[in-house]
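# Structure assessment
As a plain string of letters, each chain reads:
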Amino acid sequence: MMHDNETFHHALIVDDQKCIRCTHCVKVCPTEAIRIVDGKVHIREERCVDCGECVRACPQKAIGIDHDDLELIHAYKYRVALFPSVFVGQFPERVTEDKIYASFLELGFTHAFEVEQPIGVLKELIRDEIKANKSDLPVISSFCPAIVRLIQILYPSLTGHIARVKAPHDLAAHYVIDRLTRKGVAPSDIGLFYITPCVAKIAAVKAPVGEEKSVISGVISPTVMYNKIMAVADDVPPFDKTKLWKGLTKEGIQWSLTHGETWWQNSRTMAVDGIHNAIKILERLENDEIKNIDYLELRACDRSCAAGVLLAQNRFLTVERLKRRAKRYPSDEKKTMTEEPGKYATLKEKMTTAEINPRPLLRFGADMEKAMTRMQRARNIMCHLPGIDCGACGAPTCQALAEDMANGEAKMSDCIFIQQLWQKDGKVEPDKALERMEKKWGENRFDPDCTKIGAKNESN
Ligand code: SF4
Ligand code: SF4
């Protein structure tokens, strides 16, 4: 089953007990996917692209992530930890990369593998894509799953530009399977566990776009692994280097940072990070205002995966550590796949996705006639709303509330300013107005409370 036209899998879980309905998440969501309904945060699945902005913005840490349990690894004879370079960039200097690798083995994995090791395969595929799409450039990177989903729902006309190339974690997974099965290991004995830096990559593993099913067995929280590694790293026994496949290069280490997919290319490229910056570029691309770019690297997080919402360390420090680390490694150009001709041919085949289909967000439904009527209705409603975009209705903007009303998903009385006018005109009793507000925001919401956490306590 391909996931292009199915409901997206989402890994976000809102804890209603922790949530104080502050609307920070509602306000930051780039696709206007969040509403407050009957005192609870409601995420509209068809709109969510798993960018993680809401997780970052929540001062209560009320939006959690659905990870797999580390215990799951013991169901397999060969237990492979797949982790991105940015995970290595989380640790302080004294925890060297050798210690990190050794700690994975100490903690029960049989193999530890940095997903950017065989990155030369992706470089070749990207070059092939640019060549094959000469008449319809730029090719847009498929690296960031949040960007792929964003394009599918908000810029459906651009889906044909997305590179049909899988991500490094898929590459690593296939590479490891290939290496182990060549040694006679049964595929069913191999468990591949990805230590993922962000929400979008969990979703990409659980419901890959343009692919039937991921070969990855589970996703593990980087916080869980970081804490476990920190607890054992100082005392780990000497590292058995034979367990390590040494394919890491400068390009691989920096791949998930901004410019990671572009700095080594000779063609004309552009790298953009931050989801709101990406949206601006996609709008310009859709309007045909961007010319002469061959390859467009777009990443949802500011500083790319170094700012993965599941990573705890400062993103600038992570970037600095990885750039310094990369200097110690050879360039990929000196270790091309031609060293082992033919060996990667099947791997390259497995790294190509099926066609990525658009999944346009139909704001007013699929029925064109009804949609036109609803759109007009939303315009009329907008005439009456104050245009303050305060969020006190539970929608991010007055326009979003108007659309919800036109679709029958909200009422005029959700607007507190309209309620005020109605009270002044005697159209609604003050008690009734308060009752409506309490229904939306919770019964004790308007009692004095000096323990509230505000925006200044938001995470990084
Ligand atoms: S940002 Fe505010 S409204 Fe959103 S989940 Fe967190 S506490 Fe609730
Ligand atoms: S993950 Fe991103 S798109 Fe999804 S609800 Fe949160 S902010 Fe919105």
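This one's a predicted model, so the numbers in the text were calculated from it and none came from an experiment. (Residues numbered from 1 in each chain as written. Chains lettered and ligands numbered in written order. Predicted model: local features only at pLDDT ≥ 70, side-chain atom pairs only at ≥ 80, totals over all residues. Heavy atoms only, no water.)

### Digging into helix α12 (residues 315-326)
Here α12 spans 16 Å end to end across 12 residues, near enough to the 16 Å set by a 1.5 Å rise per residue. Along α12, the residues that are buried comprise R315, T318, V319, R321, L322, R325 and A326. Relative to the axis of α12, the buried residues are bounded by an arc of 165° and lie together on one face. Buried residues along α12 sit against α3 (85-88), α4 (97-106), β6 (111-114) and α10 (250-254). Residue N314 occupies the N-cap position of α12, its side-chain oxygen lying 2.8 Å from the main-chain nitrogen of F316. (Helix = DSSP H or I, 4+ residues; strand = E, 2+ residues; numbered from the N terminus. Expected span 1.5 Å × (residues − 1). Buried < 20%, exposed > 50% of the residue type's maximum accessible area, 1.4 Å probe, protein only. Arc of directions from axis to C-beta. Contact = heavy atoms within 4.5 Å. Polar contact = N/O pair within 3.5 Å; in protein donor to acceptor, adjacent residues only side chain to side chain.)

### Description of unusual backbone geometry
Omega for the bond connecting L137 with P138 falls within 30 degrees of zero, at 5°, which places this linkage in the cis form. Counting through the fold element by element, P138 comes out in the loop between α5 (120-132) and β7 (139-140). If you check the backbone angles, S304 has positive phi at about 55° while not being a glycine. Position of S304 relative to the elements: it lies in the loop between β11 (295-299) and α12.

### Focus on the site of ligand 2
Close contacts around ligand 2 come from 13 residues, with C29, C48, C51, G52 and C54 the closest. Its residues placed into classes, the shell around ligand 2 shows nine nonpolar, two polar and two charged. (Near = heavy atom within 4 Å. Nonpolar A, V, L, I, M, F, W, Y, C, P; charged D, E, K, R; others polar.)

### Thoughts on the packing of helix α16 (residues 416-424) against helix α17 (residues 430-441)
Taken N-terminus to C-terminus, the directions of α16 and α17 make an angle of 170°; their axes are 10 Å apart at the nearest point. For the element pair α16 / α17, the angle class is roughly antiparallel. As for how α16 packs across α17, the hand of that crossing is right-handed. Here I416, Q419, W422 and Q423 of α16 lie close against α17, whose contacting residues are P430, A433, R436 and M437. Classifying every residue of the contact of α16 with α17 gives five nonpolar, two polar and one charged. (Axes fitted to C-alpha atoms, helices over the stretch in contact; angles between N-to-C directions. Parallel < 35°, antiparallel > 145°, perpendicular 65-115°, else oblique. Left-handed = near helix turned anticlockwise from the far one by under 90°.)

### Here's the deal with the sheet that holds strand β8 (residues 190-195)
Taken in spatial order, the four strands make up an open sheet running β6-β5-β8-β9, and their pairing is parallel. The outermost strands of the open sheet, each flanked by one partner alone, are β6 and β9 (218-220). Neighbour to neighbour, the strand axes of the sheet diverge by 30° on average, direction disregarded. In this sheet, β9 lies alongside β8 in parallel orientation, the contact comprising three bridges. (Pairing = 2+ DSSP bridges.)

### Let's talk about the sheet that holds β7
Read from one edge of the open sheet, three strands run β7-β11-β10, paired in parallel fashion. A strand with exactly one partner marks an edge of an open sheet, and here the two such strands are β7 and β10 (269-273). Where β7 meets β11, two bridges bridge the pair, whose relative direction is parallel. Within the sheet, the bridge partner assigned to I140 lies in β11 and is L296.

### Overview of the pattern of salt bridges
If you walk through the whole model with that rule in mind, you get 25 salt bridges. Residue K291 is joined to D288 by a salt bridge in which the shortest nitrogen-to-oxygen separation is 3.4 Å. One network of salt bridges, in which partners are shared, links R35, R44, D404 and E409. (Salt bridge = Lys/Arg side-chain N within 4 Å of Asp/Glu carboxyl O.)

### Examining the packing of aromatic side chains
Scanning the model with the defined rule gives 10 aromatic pairs in all. What links up through ring pairs into an aromatic cluster is the set F83, F87, F91, Y101, F104, F109 and Y226. Directly above the aromatic system of W264 lies the positively charged group of K123, at a separation of 4.8 Å from the ring centroid. When the ring centre of F143 is taken as origin, the NZ or CZ atom of R299, which lies over that ring, is 4.0 Å away. (Phe/Tyr/Trp six-rings, centres within 6.5 Å; stacked < 30°, edge-to-face > 60°. Lys NZ or Arg CZ within 6 Å of the ring centre and 35° of its normal.)

### Here we look at the domain arrangement of the protein
Here the domain parsing of the protein yields domain 1 (70-350) and domain 2 (368-441). Of note, the centres of domain 1 and domain 2, computed from C-alpha atoms alone, are 44 Å apart. (Domains from an automatic or database assignment.)

### Quick word on the environment of K427
By secondary structure assignment, the location of K427 is in the loop between α16 and α17. Look at K427 and you get exposed, because its relative accessible area is 61%. As a C-alpha pair, K427 and L347 span 80 residues in sequence and 69 Å in three-dimensional space.

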